[in-house]
Amino acid sequence: MNILVLNNGSSSLKFQLAALEDHSESILVSGVVERIGGEALVTIQIEDKTFKLTSPIRDTTQALNFVIKNIIQHQDLIAGFKGLGDIHGVGHRVVHGGERFKASVLIDKDILSALEDCIELAPLHNPANIKGIEAIQDILGPKIPQVAVFDTAFHATMPESAWLYALPYSSYRRHKIRRYGFHGTSYRYVSERYREVSRIRAEECNIIIFHLGNGCSACAIRGGESIDTSMGMTPTEGLVMGTRAGDLDPSVIEMIGTKEGMTFHEVQSLLNRNSGLLGISGITSDMRDLIAEVAEHQDRRAQLAIDIFAYRARKYLGAYIAAIGPVKAVIFSGGIGENSSLIREKIADGLEHMGLLFDKDANVKLDKAKEKLGKISKTGSPVEIYVIPTNEEIMIARDTLKLIQAQA
Ligand code: ADP
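So, here is what we can say about the structure in this document. (Residues numbered from 1 in each chain as written. Predicted model: local features only at pLDDT ≥ 70, side-chain atom pairs only at ≥ 80, totals over all residues. Heavy atoms only, no water.)

By size, the foremost hydrophobic cluster in this structure holds 43 residues, and its most contacted members are F210, L212, L317 and F332. Elements that contribute at least two residues to this core include exactly β9 (207-212), β10 (216-222), α10 (287-297), α11 (300-324), β12 (329-333), α13 (341-348) and β14 (384-387). Broken down by element, the residue count for this core peaks at 11 residues, all from α11. When sequence neighbours within four positions are dropped, the list of residues in contact with L317 reads I208, F210, V330, I347, A348, L351 and L356. Counting residues in each nonpolar core, the second largest holds 29 residues, with L28, A63, F66 and L140 among its members. (Core = buried A, V, L, I, M, F, W, Y, C linked by side-chain atoms within 4.5 Å. Buried < 20%, exposed > 50% of the residue type's maximum accessible area, 1.4 Å probe, protein only. Helix = DSSP H or I, 4+ residues; strand = E, 2+ residues; numbered from the N terminus. Contact = heavy atoms within 4.5 Å.)

Structure, rendered in C-alpha cells:
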C-alpha cells in the first residue's frame, strides 16, 4: 500500500510517499515546499533524482496541488506506482492532540472538530495541520482515508506529578494549562528501534532519548513509556534550541516587555524565534554553522551558545537518571544528535560516576560512518550510549496503514 505522509507547518510542507508491504518499507518520493505564502522553493526527490523548482504558492492547498501534480508528472520514474488512485491513505503529523488524543486516529468529521478545539493550545501549528487534511479531501476526494498522528500522544503516559505545573490547580481545570510534551512520534520510533537492536522487551526499556534537531527535547522512558519530557504546554520549554530559549524564569517575560516596550505576543515571539543558539551567538540557529564559526574564527559567543546548549542537556540527563531509576541506555537522535560527535561528547562524557562509560573513538568514528546507528559507550558500560537516527515519517506511514487495515 502507498501512503502519503504530510508534515504541514505554517510556512513549509514536508511530504513523503511511502510503500509499505508485509516485509518491506520504502520511500518512493520525498520532498519539501518551503516559503509557502511567497515564491516557494520546492524540492522533490524520486529515487536518486532531485528536482528543484520555484513557483508562487499561496497556501497549503496550492502547495499540495503542486506536489501531487509533480508526482503524477514523474510517475514513470516511480517503480510500481500507477498514479493518483494508487495512493491508499494519507497520514498527517499533527502537533497538538491535547488531552483527548492518546494515540493516532482515523480522521472523520468529529475528529476534525476535536482537532479544531486543540488550536488554542497550538495556534501556530494545528491550523496548518487542519488545512492539510481539508486540502487532501478536496484533491483526493472525501473517501481517501486520512490519519492524524500526534506529537503529544506518546507522552499521555506521563504521571500527573510530571505534567502538572505548580500553578493554582484551577488553571489546569479551567484552561487545561499543563505540560503535554512533543516529538512523541520520534521517541516512539527511536525507542522501538533500540528495543530491536538490543533485543529487549518494552517492560525492560528504561532509557533517556535526546531528540536534538532545530527543536530539541529529552524524554525519560520507563518500561517503554514516557514518564517525563522537557517540552511543556508548548515546545518552548526545556532544552536550548535553534531559536528557542527553553527553561526560563517567567519574570523575564515582564522585564523584557517593560524594558523593550514589547507586548506579550512580541516577547513570546522573541522566546521562540530569536533566542536559543541564534540569540546567544547573534550569528545563526544552525549548530553545524556555529561549530564551523568556532573552528574558523574562535567566536566567543558561538562557543558560549554551544556550551550552554550542551550544559542544559547534561542537566536533564542527570535529572532523568534520577527520575527513571536504573537506566539501560542514553540515546542521541535528530540532526544534531545523529551528526555531531562534539555535542554528544559535551553532553555525555565524564559521567562515569553515573554509569556512562563514553567511548570517544567510537563516537568520532560514527561521524564518518554511512549508517549513523551505533553504540558509543565502552564495552561493559552500565549505561549504554547509542546514536539512533529517527524516522518520524515511517512511523506515521505505519500508523496510517494499521488504522486503514483495522477499518477494512
Ligand atoms: P528539524 O528539527 O528541522 O527536523 P534536523 O533534525 O534536521 O532539524 O536538525 C537540524 C540541526 O542539525 C541543525 O542545527 C543542523 O546544523 C544540525 N546538524 C546537521 N548536521 C550536523 C553536523 N554534521 N554537525 C552539527 N550539527 C549538525
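After presenting the structure, the write-up continues.
The subject of this paragraph is empty space enclosed by the protein. Inspection of every chain in the model, using the stated rule, returns one cavity of 30 Å³ or more. Put simply, the largest cavity is a space of about 40 Å³. Lining the largest cavity are L164, Y165, L167, P168, Y169, S171, Y172 and I177. Its residues assigned to classes, the lining of the largest cavity comprises seven nonpolar, one polar and no charged. (1 Å grid on protein atoms, 1.4 Å probe; cavity = no way out; pocket = protein on both sides within 12 Å on 5 of 7 lines; lining within 4 Å. Points joined across faces, edges and corners; volume = space filled by probe spheres on them. Nonpolar A, V, L, I, M, F, W, Y, C, P; charged D, E, K, R; others polar.)

On to unusual backbone geometry. The backbone of R35 sits at a positive phi, close to 60°, despite the residue not being glycine. Assignment of secondary structure puts R35 in the loop between β3 (25-34) and β4 (39-46). The exposure class of R35 is exposed, given its relative accessible area of 56%. In this structure, K176 is a non-glycine residue whose phi angle is positive, near 60°. The class of K176 is partly exposed, set by a relative accessible area of 34%.

Our next topic: the site of the ligand. By nearness alone, every residue bordering the ligand is listed as G213, N214, G215, D286, M287, R288, I291, G334, G335, I336, N339 and S340. In the model, an oxygen atom of the ligand is placed 2.8 Å from a nitrogen or oxygen of the N214 side chain. Measuring from an oxygen atom of the ligand, one finds a backbone N or O atom of G335 at 2.9 Å. Elements represented by at least two residues in the shell around the ligand include exactly α10 and α12 (334-339). (Near = heavy atom within 4 Å. Polar contact = N/O pair within 3.5 Å; in protein donor to acceptor, adjacent residues only side chain to side chain.)

The complete set of buried residues in helix α2 (residues 109-117) reads I111, L112, A114 and L115. With its buried residues spanning 160° around the axis, α2 presents them on a single face. Of the exposed residues in α2, those oriented more than 90 degrees away from the buried face are K109, D110 and D117. Where the residues of α2 are buried, they touch β6 (89-94), β7 (105-106), α3 (126-140) and β8 (146-150). The opening residue of α2, the one whose side-chain oxygen lies 3.1 Å from the backbone nitrogen of D110, is D108. (Arc of directions from axis to C-beta.)

Under the counting rule described, the total for this entry stands at 16 salt bridges. In this structure, R58 engages D59 in a salt bridge whose closest nitrogen and oxygen atoms are separated by 3.9 Å. Assessed through its relative accessible area of 60%, R58 is described here as exposed. D349 serves as the salt-bridge partner of K360, at 3.4 Å between the closest nitrogen and oxygen. Of the two residues, K360 sits in helix α14 (residues 360-368) while D349 sits in the loop between α13 and α14, which places them 11 residues apart along the sequence. A residue is classified by how much of its surface remains accessible, and D349, at 18% relative accessible area, is buried. One continuous salt-bridge network, built from bridges that share partners, spans E99, K176 and R178. (Salt bridge = Lys/Arg side-chain N within 4 Å of Asp/Glu carboxyl O.)

Its place among the elements puts S226 in strand β11 (residues 225-229). Classification of S226 as buried rests on a relative accessible area of 0%. Excluding residues within four positions of it along the chain, S226 makes contact with F154, H155, T157, M158, C219, A220 and I221.

Remember that the coordinates give geometry; whether it matters functionally is a separate question.
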